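Inside the fold
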Amino acid sequence: MPRPPSPATLAQLKAAVAPGDWLDSAGDVAPYLSDFRHLYRGATPLVLRPRSVEQVAGIMTICHREEVAVVPHGGNTSYCGGATPDESGSQIVVSMQRLNRVRHVDAANYSMIVEAGCTLAGAQAAARDANRLFPLSLGSEGTAQIGGNLSTNAGGTAVLRYGMMRDLVLGLEVVLADGQVVSALKSLRKDNTGYDVKSLFIGAEGTLGLITAASLKLFPVPADTATALVGIDSPGRALELLARLRGAAGDQVSSCELMPRIAVQMTVQYVPGVANPLDFDCAWYLLIELGSPNPHQNLTALLTRELEEAAAAGAVQDAMLASSLAQAQAMWKLRESVPEAQRRHGASIKHDVSVPVSAIPALIERGTTLIEQLAPEGDVVSYGHAGDGNLHFNVSQKPGTDLAAFTGRTHALERAMFDLVESLGGSISAEHGIGRLKAAELARRADPVELHVMHLLKKALDPKGIMNPGKVLCAN
Ligand code: 2HG
Ligand code: ZN
């Protein structure tokens, strides 16, 4: 069981980093104590900002010996409180922000090695400088860090073509709970040498070890892209269109994002600089992007033809193809601003869930009915990565309703949504992780044997329970 650090231990921990790389005053540690959504507010006696894997190893050696709990901290964009210390004031925070070098870009091998504290946007830029693409793409990419993307197995808007963070990893460097370093930073596509140890730490949210660097896959930069915003009358039509496009363009379909009318309306209303490119009012909107490294592919012609045929068959109500980069960016701004619009609109209850793509229409229909029954103060705003089967089945408070009554529905809504998702063969966390927010639900709903294996792994790798306690797994 972790225990509060003594003054002597705190002094040793401070000495493990350079002067100026630790913080302990109330004002300085404050930004590390609350999560992005302000769901939790914790306390800590110390924030450390190491600059090297050796310093992280030194910190973990001390924490292991003294049984001090460690909360890894990246860009603080977790939606599940995954990087926030608890209220006890005994957990120390290890911020990865100063471990942020791009160690190596190997253009010929289509790979790069970056440290955990690099922002996702920084990693993308390093790849682009070498005329390569690092394809993970998220609204929070300017702030979110690679270590957090790995620890939550982040998704985003290009999963359809390139996969989630786990699919983009060739190797990892991880500091274990006792300070040993797993140096598995190989940049190989083929490596069948026993268990896939690195995989354990991806999606583990810092509960098994602290990721310090990763070797990541790179791809050719798309030289031809086509982006369209399409108006449709139902989610089923969205799937029909996606299937049609995949039939015509295969893996070149890189994004398929679904938004209901209310999400578009809110975004246009609340977020400065967002305009609805479609003057036609539709029940649903689909943002489609195709990309190819071949500049002569003429994806715009292909997408135009497919949309025209779909419209002639009654599957598409209206569509606009971006005729410039600026227009494509405006369409993406519309989509990526939906979370901000929901924030500006007022309180919301979020469910980041996934189902098989074929079950998306059933999820929307049944989920909407459930929410209408259980939360009369709420409006359903279900949007997201339909091509991946992942919806953000969010509920926004209706203007003029009682806030306490609305937020009081959170638990009942979550239970009902998760029951529905389970009945459709889905997942209660598609891309945002478990953190503290969903740890109890995971314990309730995970396959018991799978959960047992998770606890076995936790005990084996973190016998003293010092790695991000209370996240992912509830103590047992
Ligand atoms: C997105 O897809 C993000 O925009 C955020 O995953 C979703 O705010 C949300 O619920
Ligand atoms: Zn998302």
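Now for a description of the structure that goes with this document. (Residues numbered from 1 in each chain as written. Chains lettered and ligands numbered in written order. Predicted model: local features only at pLDDT ≥ 70, side-chain atom pairs only at ≥ 80, totals over all residues. Heavy atoms only, no water.)

Across its full length, the chain holds 17 helices and 19 strands. Over its C-alpha trace the chain gives a radius of gyration of 23 Å, about what one expects of a compact globule, namely 23 Å for 476 residues. C-alpha extents for the chain along the principal axes are approximately 75 × 55 × 45 Å. When each of the 476 residues of the chain is scored for burial, the buried share is 52%. Here the analysis covers contacts within the chain between residues at least 6 apart in sequence; of these, 76% occur between residues at least 24 apart. Accessible area of the chain: about 19400 Å², with a carbon and sulfur share of 53%. Of note, the chain has its 41 positive side-chain charges centred 5 Å away from the centre of its 48 negative side-chain charges. (Helix = DSSP H or I, 4+ residues; strand = E, 2+ residues; numbered from the N terminus. Rg over C-alpha atoms; globule rule 2.2 N^0.38 Å. Buried < 20%, exposed > 50% of the residue type's maximum accessible area, 1.4 Å probe, protein only. Contact = heavy atoms within 4.5 Å. Areas by Shrake-Rupley, 256 points an atom, 1.4 Å probe, with all protein chains shown as cover. Lys, Arg positive; Asp, Glu negative; His and termini not counted. Charge placed at Lys NZ, Arg CZ, Asp CG, Glu CD.)

Before going further, it helps to examine helix 3 (residues 53–66). Given a rise of 1.5 Å per residue, 14 residues ought to cover 20 Å, and the 20 Å separating the end C-alpha atoms of helix 3 matches this to within 8%. Taken residue by residue, helix 3 has Val53, Gln55, Val56, Ala57, Ile59, Met60, Ile62, Cys63 and His64 as its buried positions. Once helix 3 finishes, Glu67 follows within two positions and takes phi at roughly 60 degrees, a positive value. (Expected span 1.5 Å × (residues − 1).)

Okay, the sheet that holds strand 1 (residues 22–23) next. Pairing is mixed across the open sheet formed by 4 strands, whose spatial order is 1-2-4-3. The open sheet has two edge strands with one neighbour each: strand 1 and strand 3 (70–73). Both strand 3 and strand 4 (residues 92–95) contribute to a ladder of 4 bridges, which runs parallel. Opposite Val70, over in strand 4, you have Ile92 as the bridge partner. Across the sheet, helix 3 is in contact with strand 2 (47–48), strand 3 and strand 4; its angle to strand 4 comes to roughly 165 degrees. (Pairing = 2+ DSSP bridges. Axes fitted to C-alpha atoms, helices over the stretch in contact; angles between N-to-C directions.)

Bringing a nonpolar patch on the surface into the picture now. A contiguous nonpolar patch, built from Val449, Val453 and Leu457 and spanning about 230 Å² of accessible area, is present on the exposed surface. Its relative accessible area of 31% is what places Leu457 among the partly exposed residues. (Patch = residues over 30% accessible without salt bridge, like charges linked within 9 Å, V, L, I, M, F, W, Y side chains within 5 Å. Salt bridge = Lys/Arg side-chain N within 4 Å of Asp/Glu carboxyl O.)

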